[in-house]
Amino acid sequence: WFCMEQNNHKSYFWRAAASIAWSVLLLPPATAVFVIFSKFSLFHPIQSTSECLSLLTSASAIFSQILLCGVVLIIGFLDFECYTVIPTVACSKIALLGQLLHPRQLANSLVHCIMGMIVAWCCAVIIGFRYESLGYPCAQTDSPPQICLNEYQLILLLAGAFVGFSHSVLGVMHNMNYVSFPTVQQYKYLRFKGSLPLVIKCSAIQALYSVRNYIVVYFFLGYIPRVWICKTLSLQMNSSAHTLDSFSGLLDLSLLYHLWLSATFFLFMQYMTLTLFRIFVTEVYSFPVQSSFTEEAFQCLPRVLTDSQTMILKFLALQDLALLSQHSPVRRCEVFSLSQPGGHPHNWNAISKECLSLLTDLTQRLVAYHDTVATNGRAKSLSSGSEKRTSSESSGSSGSEGFTSPKPTFPLKTPASVFARSFAGGPLTPPTAPFTPDLDSPFASPTLRRLTAPVEQGSPWYGSVQSPHVMRRAPKLWSTSTDSQANGSLPPSPASVPNLKQEPSKPSFVTQFLQNRKEQVRKLKPFSSRLPEASSQALFADSQAHIWALEGLSYLVQASFSEDQFGVVQTTLPSILSCMLGLQEAVDRHFKLPHASSKPARLSSSMSDSTYKTLRFALRATLKTAIYRITTTFGEHLKAVQMSAEHRKRLQQFLEYKE
């Protein structure tokens, strides 16, 4: 297994290395375009062209190119280390905040800030003029020569750091490290050619927004880094020059243009490297179905599907399975073949077992999620109702028996407003405080004496509502002391009357501390509450693998009708149909939940891949198509397949084209 992972990982590593190499090769043309946009003048075209050519061959430009190549290598390494084929969907705002504050993400943001400053310094060197150096000699004749701070280069360097930090944060929020597989297979050149306009557009638009935000931040907080740099490097401020953290300084159109151009160049490097990485990594890889040599068996498709622990390799294997099941009759025959010697369908057993395992796992997740959502809606009311029912039943019987009796499973019909008066009085308020009956009256029943007897402090019913019916009937059952005396009865003794003026005990420090923490958590509830649509997206985040498994199984079952000479597929056909029908039922139940059928808006001007947000719709369509593919091929023969009555009823709907 280790040799298999190492060998397959080597081929994947070379794909990533090839994408980084192409990014480095495309860097000089991108730098030349940046030089043209920063130096070219329409009024002096010949002179500006000669300046651009001389600048590209200068020592400073070559050194800047070396630094930029190092930045591209770091970007490619980060893409290789942080990529994922299963996106991480934050189901709440507090979860997203946790991702942003993760130590690994903080280190990633710091690296992006450093790369942004390096790129900004290279851009300052290439542009030249007032951006060339951080310090310059102050124009003072009556004092010794001093070095003043060049705020133009400082604002450019800080802009690079700000753009890098913004890009890192947006990468987490929009899952920029998510790598999706294209639906339509194309050559790498055609994919990059089609993606290049989007890369340029997204770089320019995001740079515009980043520069806008940076100007606002620098206007209010620009003096902090300026003073710190002056104290650290022993630089002076030129009193005759205007500071840039003012309206007159930030309204310099040339400065704004160079800030935007530098940010666009840095983001173009980021997006170009990311696009090439996605193109090379998701290229189709053809695994051999079987091999004549034992040493090469670990490279075959069944072994990669069942033994691979790397998700990118498993996704590539499932993609290859879906493609061979549709377009390769020769490789399909290898799937249906028997082993020699022995005559066992090892290839088909391994492939079908792994695909059915994936589909069964998704079905179980959907059922568990649906049960959780359905239970959370009334778990609180059932629990409180059960407690009230148990206490009510225990009031009419012995206290010890009622405390240990099980809770009923059906909800009570007693409205909650009945208990509002008792709960408002605090935990020590008697449940029938306004209506205290005369227990010694001849008209008082034994049941009433037992219900209104004072509760001991150690009793489990102390401070709780013992029965809602006592509060309802209390006004009809009370008798005043005057009536008792008129009837010849003695007034009640003080010991028999419950004490209504018990002073509440002061809560302990631990209890008060826990209550304060509970209130703080309650204030954060809008941030920690789960987002229904995000929860549904997270549930189907890896559904691309299930889509390929459904396509591969359905096409292989369809082809087995005429190509399976040994009938190896017929042995697992009941399991395949039952698994697909069970998944179809679970998917239908999920789409009946709120927010599950709402489609998110597409982001046309963004490099973030949002295809994972619509995977549940693609899975539902693929699942229905897969079942119809099997039913239209086998037709009435499926009635002889062993399955449950519920699945047979659902299968009949497909046979009659009613689904």
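Residues numbered from 1 in each chain as written. Predicted model: local features only at pLDDT ≥ 70, side-chain atom pairs only at ≥ 80, totals over all residues. Heavy atoms only, no water.

### A word on the pattern of salt bridges
Pairing is possible between side chains that carry opposite charge, provided their charged atoms lie close to one another. Summed over all chains, the structure comprises 13 salt bridges. The salt bridge partner of Arg-130 is Asp-252, with a shortest N-O separation of 3.0 Å. Note that Arg-130 is positioned in the loop between α6 (103-127) and β1 (135-137) and Asp-252 in the loop between α10 (247-250) and α11 (253-281), a separation of 122 residues in sequence. The partly exposed category is assigned to Arg-130, whose relative accessible area is 29%. The salt bridge partner of Asp-245 is Arg-226, with a shortest N-O separation of 3.3 Å. With Asp-245 in the loop between α9 (223-233) and α10 and Arg-226 in helix α9, the pair connects residues that are 19 residues apart, well separated along the chain. Pair check on accessibility: Asp-245 and Arg-226 agree, each one buried. (Salt bridge = Lys/Arg side-chain N within 4 Å of Asp/Glu carboxyl O. Helix = DSSP H or I, 4+ residues; strand = E, 2+ residues; numbered from the N terminus. Buried < 20%, exposed > 50% of the residue type's maximum accessible area, 1.4 Å probe, protein only.)

### Description of the nonpolar core
Core analysis: the largest hydrophobic core is formed by 77 residues, its most contacted members being Ile-312, Leu-321, Trp-348, Met-580 and Leu-638. With 10 residues, the single largest contributor to this core is helix α26 (residues 573-591). If you count residues domain by domain, this core takes at least three from each of domain 1 (1-282) and domain 2 (294-376 + 530-656). Each residue touching Leu-638, except ones within four places of it in the same chain, is listed here: Leu-573, Leu-577, Ile-630, Thr-631, Arg-648, Leu-651 and Leu-655. If you look at the next biggest cluster of nonpolar residues, it comprises 50 residues, including Val-72, Cys-123, Ile-155 and Met-607. (Core = buried A, V, L, I, M, F, W, Y, C linked by side-chain atoms within 4.5 Å. Domains from an automatic or database assignment. Contact = heavy atoms within 4.5 Å.)

### Some words on empty space enclosed by the protein
Scanning all chains against the criterion turns up three cavities of 30 Å³ or more. What the largest cavity holds in volume is close to 70 Å³. Lining the largest cavity are Gly-116, Val-119, Ala-120, Leu-156, Ala-159, Gly-160, Val-163, Val-211, Leu-259, Ser-262, Ala-263 and Phe-266. Looking at the lining of the largest cavity, its residues break down into nine nonpolar, three polar and no charged. (1 Å grid on protein atoms, 1.4 Å probe; cavity = no way out; pocket = protein on both sides within 12 Å on 5 of 7 lines; lining within 4 Å. Points joined across faces, edges and corners; volume = space filled by probe spheres on them. Nonpolar A, V, L, I, M, F, W, Y, C, P; charged D, E, K, R; others polar.)

### Notes on the state of the cysteines
This structure, assessed with the given rule, holds one disulfide. In this model, Cys-138 is linked to Cys-148 through a disulfide, with the two sulfur atoms separated by 1.5 Å. The chirality of the disulfide connecting Cys-138 with Cys-148 is right-handed, given an S-S dihedral of about 120°. Of the two residues, Cys-138 is situated in the loop between β1 and β2 (147-149) and Cys-148 in strand β2; the sequence distance between them amounts to 10 residues. For the pair formed by Cys-138 and Cys-148, the shared burial category is buried. Cys-123 takes part in no disulfide bond, and the closest cysteine sulfur to it belongs to Cys-122, at a distance of 6.9 Å. The exposure class of Cys-123 is buried, given its relative accessible area of 1%. Free of any disulfide, Cys-355 has its nearest cysteine sulfur in Cys-579, 9.7 Å distant. (Disulfide = S-S within 2.5 Å.)

### Concerning helix α14 (residues 329-336)
At 3.6 residues per turn, the α-helix brings residues three or four places apart onto the same side. All of the buried residues along α14 are Arg-331, Arg-332, Val-335 and Phe-336. Viewed along the axis of α14, the buried residues span an arc of 145°, placing them on a single side of the element. (Arc of directions from axis to C-beta.)

### Overview of the layout of surface pockets
Counted as a void, the largest pocket has a volume near 1200 Å³. Around the largest pocket, the lining comprises 43 residues; the ones closest to its centre are Ser-180, Phe-181, Pro-182, Thr-183 and Thr-611. Within the residue set of the lining of the largest pocket, elements represented by two or more residues are α8 (188-221), α11, α13 (311-327), α25 (543-563) and α27 (615-634). Broken down by element, the lining of the largest pocket gets its largest block of residues, six residues, from α27. Residue composition of the lining of the largest pocket, grouped by class: 18 nonpolar, 19 polar and six charged. When residues of the lining of the largest pocket are sorted by domain, at least three fall in each of domain 1 (1-282) and domain 2 (294-376 + 530-656). What lines the second largest pocket is a set of 27 residues, among which Cys-82, Gln-105, Asn-108, Val-172 and Asn-177 lie closest to the centre. Elements supplying a minimum of two residues to the lining of the second largest pocket: α4 (59-82), α6, α7 (151-173) and α11. Its residues assigned to classes, the lining of the second largest pocket shows 11 nonpolar, 13 polar and three charged.

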